[in-house]
Amino acid sequence: MQLKIFSIPITGGENINEELNRFLRAKKIIKLEKQLVVLGAEAFWCCCVSYLDDPSGAFKERNTVDHRLELDEASFARFSRMREIRKQISSAEGIPAYNVFTNDELASLAKMENLTLAEMRSIKGIGEKKVEKYGSHFILKSDEKSE
């Protein structure tokens, strides 16, 4: 375990604050302690971060996709409905939502107007087991497609 300390001035510390945020996203954080320190007329946050290096890169910043911009209006409506279905399934099974389908997989499914189980199998990352276990939940009825 390693330590890194950040001192962020209350005013004008935006750059250091962003540096701290990048650091937190890139490391496996064990503990974060913060304390407001006042020295005379100056005040700042002192943050002590206990962390583990992650040589695999699993905690590096991820490029996120805004599916609202990527999908047309009808596809985004399907995508939103599919996210609701995914949330219900993940809650019922006590698993993370991405274990059902990732956002990228759902976006690919939402682009298909008349989705079938066979078409699901053509999406990268969706295998036979996912189709068998979850596929039928995501074949939206015609009245759900237009919502």
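That block above? That's the structure.
Residues numbered from 1 in each chain as written. Predicted model: local features only at pLDDT ≥ 70, side-chain atom pairs only at ≥ 80, totals over all residues. Heavy atoms only, no water.

Residue-level account of the pairing of strand E2 (residues 28-39), with values.
With 11 bridges joining them, E2 and strand E3 (residues 42-52) adopt antiparallel strand pairing. Bridging from a neighbouring strand, Val-37 pairs with Phe-44 of E3. Joining the antiparallel neighbours E2 and E3 is a turn of two residues, in which Gly-40 adopts a positive phi near 65 degrees. (Pairing = 2+ DSSP bridges. Helix = DSSP H or I, 4+ residues; strand = E, 2+ residues; numbered from the N terminus.)

Summarise the nonpolar core; cite the residues concerned and give the values.
Residues Phe-79, Met-82, Phe-101, Leu-106, Leu-109 and Phe-138 are the most contacted members of the largest nonpolar core, which totals 20 residues. Per-element tally for this core: the top contributor is helix H3 (residues 73-93), with five residues. Within the second largest apolar cluster, seven residues are counted, among which are Leu-20, Phe-23, Val-49 and Tyr-51. (Core = buried A, V, L, I, M, F, W, Y, C linked by side-chain atoms within 4.5 Å. Buried < 20%, exposed > 50% of the residue type's maximum accessible area, 1.4 Å probe, protein only.)

I'd like a rundown of a nonpolar patch on the surface, residues and numbers included.
A grouping of Ile-10, Leu-36, Val-38 and Trp-45 is seen on the molecular surface, where their side chains present a nonpolar patch of about 370 Å² in accessible area. With respect to the helices, strands and loops of the structure, Trp-45 is situated in strand E3. (Patch = residues over 30% accessible without salt bridge, like charges linked within 9 Å, V, L, I, M, F, W, Y side chains within 5 Å. Areas by Shrake-Rupley, 256 points an atom, 1.4 Å probe, with all protein chains shown as cover. Salt bridge = Lys/Arg side-chain N within 4 Å of Asp/Glu carboxyl O.)

Residues and numbers for the pattern of salt bridges, please.
Per the stated rule, a full pass over the model turns up seven salt bridges. Note that Glu-33 is salt-bridged to Lys-31, the shortest N-O span being 3.9 Å. With relative accessibility at 47%, the residue Lys-31 sits in the partly exposed group. Of the charged contacts in the structure, one is a salt bridge between Arg-121 and Glu-128, with a shortest N-O distance of 2.7 Å. Assessed through its relative accessible area of 38%, Glu-128 is described here as partly exposed.

Help me get a handle on the sheet that holds E2, residues and values and all.
Read from one edge to the other, the open sheet built from three strands follows the order E1-E3-E2, with strand pairing classed as antiparallel. Taken across any chain shown, the strands that pair with only one partner, and hence form the sheet edges, are strand E1 (2-9) and E2. Adjacent strand axes in the sheet meet at a mean angle of 20 degrees when their direction is disregarded. Where E1 and E3 come together, eight bridges link them in antiparallel fashion. Within the sheet, the bridge partner assigned to Gln-2 lies in E3 and is Tyr-51. Here helix H1 (residues 14-26) sits on the sheet and contacts E1, E2 and E3; the angle it forms with E1, its principal contact strand, is near 155 degrees. (Axes fitted to C-alpha atoms, helices over the stretch in contact; angles between N-to-C directions. Contact = heavy atoms within 4.5 Å.)

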